[in-house]
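# Structural characterization, general
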Number of protein chains: 2
Amino acid sequence: MTVENSPPGSVRPRGRTERVRQAVVAATHAQFRAHGYPSLTVERVAEAAGVAKSTVYRRWRDTAGLLLEVLREMSGAQIPLVDTGSVDEDLRQLAVSIVRVYSDSENGPMVLAMIAEAVHDPRVADELRAFWRDRNENAADAVRRGIRRGELPADTDPVDVIRTLAAPLYYRMLVTHEPVDETIATRAAAAALAAARAGALDTAG
Amino acid sequence: MTVENSPPGSVRPRGRTERVRQAVVAATHAQFRAHGYPSLTVERVAEAAGVAKSTVYRRWRDTAGLLLEVLREMSGAQIPLVDTGSVDEDLRQLAVSIVRVYSDSENGPMVLAMIAEAVHDPRVADELRAFWRDRNENAADAVRRGIRRGELPADTDPVDVIRTLAAPLYYRMLVTHEPVDETIATRAAAAALAAARAGALDTAG
């Protein structure tokens, strides 16, 4: 089966484009799982997805582009941004979701492979920067709600609270290779909130 | 020139072993700088260092072992652990030193390459884990002194303060690809101290 992608600017129904995207995401997952990052190729993904190679090249360019599509999909589906009415609980759940994604034997290694790739490939680094800028901006809405409810100081930098929460988890996974679990996630969220409440994460910084 | 390493258990003077080590560290630096990680080989390093290949293989095993030797050297020389009499100032200087190492156009990329390698190679991950365990234990002495002076709560987890300080710097460099500088380092140290003072980094966690 070959599914054609819509040409740029076309007004074709969104359904086909979305079906192509889903097939490509699923095929990238499967190829990564079966062969690992070094063997991942656009050709293999296109064939496994039943999509023309030219479509995959045009829309995702290379394997880095494919992995980033997977990252977006994974992030949206598996790190839900909750609104419990309490910034402490919203951030605790966010930290726990991050740990869960990386504990997943399929998704975790794929995201870590992308992070490693970005060390050597400035294009991947640029894409990760854009991805996390959007992601952390969205996650920061929980902090903004907390500020409005008076749970955090008015001059708290919302995105910096998210960075401070997430950073110890990535530090353990990437740098010190120490374990992460829900207890550590809960502690990371509490430490970020404590720093914010002490004024150490204000917008002046 | 070929410099022989001392066999295990020998009582030969330490001088020759140390000279070999220094030559190998310098050659690893030079080879990495000239050709990058993918082209780094034990053979090239041995030749450039004027050391027998068998010596390099026996003592460092492979390129991961060579990079870790460089990491140890770099860490000791360039991230000095100061004792200013104030935990706030000790930790601020530690954070600033970390940023400086990674801003260095030679050392920074080498350490990041090792971190990327560890994502795919469990042996490198094990070595990094051991390296940072020692390193963070030593750095935590500044926190222990602060606890003794009453600058931090008695039940503060010293190593966790170091992790919390370092994590946002690595998070920016590796995950979000956002800039780091001395202002951000100072802020990371202050946030870790604020979290510790609020009791969020106690040993119960």
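Our subject in this report is the structure included herewith.

Parameters at a glance
Residues numbered from 1 in each chain as written. Chains lettered and ligands numbered in written order. Predicted model: local features only at pLDDT ≥ 70, side-chain atom pairs only at ≥ 80, totals over all residues. Heavy atoms only, no water. Helix = DSSP H or I, 4+ residues; strand = E, 2+ residues; numbered from the N terminus. Contact = heavy atoms within 4.5 Å. Buried area = accessible area lost by both parts, 1.4 Å probe. Salt bridge = Lys/Arg side-chain N within 4 Å of Asp/Glu carboxyl O. Polar contact = N/O pair within 3.5 Å; in protein donor to acceptor, adjacent residues only side chain to side chain. Nonpolar A, V, L, I, M, F, W, Y, C, P; charged D, E, K, R; others polar. Expected span 1.5 Å × (residues − 1). Buried < 20%, exposed > 50% of the residue type's maximum accessible area, 1.4 Å probe, protein only. Core = buried A, V, L, I, M, F, W, Y, C linked by side-chain atoms within 4.5 Å. Phe/Tyr/Trp six-rings, centres within 6.5 Å; stacked < 30°, edge-to-face > 60°.

### Remarks on the environment of B:Ala30
With respect to the element layout, B:Ala30 can be found in helix α1 (residues 14-35). Spatially, the C-alpha atom of B:Ala30 lies 11 Å from that of B:Met110, the residues being 80 residues apart in sequence.

### With respect to the interface of chain B and chain A
Interface size is commonly expressed as the accessible surface area that is lost when the partners come together. In this complex, chain B contributes 37 residues to the contact, which on the side of chain A involves 37 residues. Roughly 3300 Å² of surface becomes buried between chain B and chain A when both sides are summed, with 65% attributable to carbon and sulfur atoms. Among the residues chain B hides against chain A, the three largest losses belong to B:Tyr171, B:His177 and B:Arg187. Together they make up 23% of the total. Applying the counting rule to chain B against chain A returns 6 salt bridges. At the junction of chain B and chain A, the tally comes to 11 residue pairs in polar contact (both at pLDDT 80 or more). Every element with two or more residues in the side of chain B that touches chain A is listed here: α6 (107-120), α7 (122-139), α9 (158-176) and α10 (182-197) of chain B. Ranked by residues supplied to the side of chain B that touches chain A, first place goes to α9(B) with 11 residues. Of the residues contributing to the side of chain B that touches chain A, the split by class is 24 nonpolar, 5 polar and 8 charged.

### Comments concerning helix α10 (residues 182-197) of chain A
Compared with an ideal rise of 1.5 Å per residue, which puts 16 residues at 22 Å, α10(A) spans 22 Å between its outermost C-alpha atoms and is within 8% of the ideal. When we look at burial in α10(A), the residues that qualify are A:Ile184, A:Ala185, A:Arg187, A:Ala188, A:Ala189, A:Ala191, A:Ala192, A:Leu193, A:Ala194, A:Ala195 and A:Ala196. On the buried face of α10(A), the contacting elements are α5 (87-103) and α9 (158-176) of chain A together with α9 and α10 of chain B. At the N-terminal boundary of α10(A), the capping side chain belongs to A:Asp181, with an oxygen 3.1 Å from the backbone nitrogen of A:Thr183. Looking one or two residues past α10(A), A:Gly199 carries a phi angle of roughly 85 degrees, positive in sign.

### What to know about the nonpolar core
If you look at the biggest cluster of nonpolar residues, it comprises 147 residues, and the most contacted ones within it are A:Leu91, A:Trp132, A:Tyr170, B:Leu91, B:Trp132 and B:Tyr170. Other than its neighbours up to four places away in sequence, B:Trp132 contacts A:Tyr171, A:Val175, A:Thr176, B:Leu71, B:Tyr102, B:Val111, B:Ile115, B:Glu137 and B:Tyr170.

### Details of the packing of aromatic side chains
All names here are of chain B. Across all of its chains, the model carries 8 aromatic pairs over all chains by this definition. Ring centres of Phe131 and Trp132 lie 5.1 Å apart, and the angle between their planes is 80 degrees; this geometry places the pair in the edge-to-face category. Per residue, the accessibility class of Phe131 equals that of Trp132, and both read buried. Where Trp132 meets Tyr170, the ring centres are 6.0 Å apart and the plane angle is 90 degrees; that geometry is what we call edge-to-face. Highlighted residues: Trp132 in helix α7 and Tyr170 in helix α9, separated in sequence by 38 residues.

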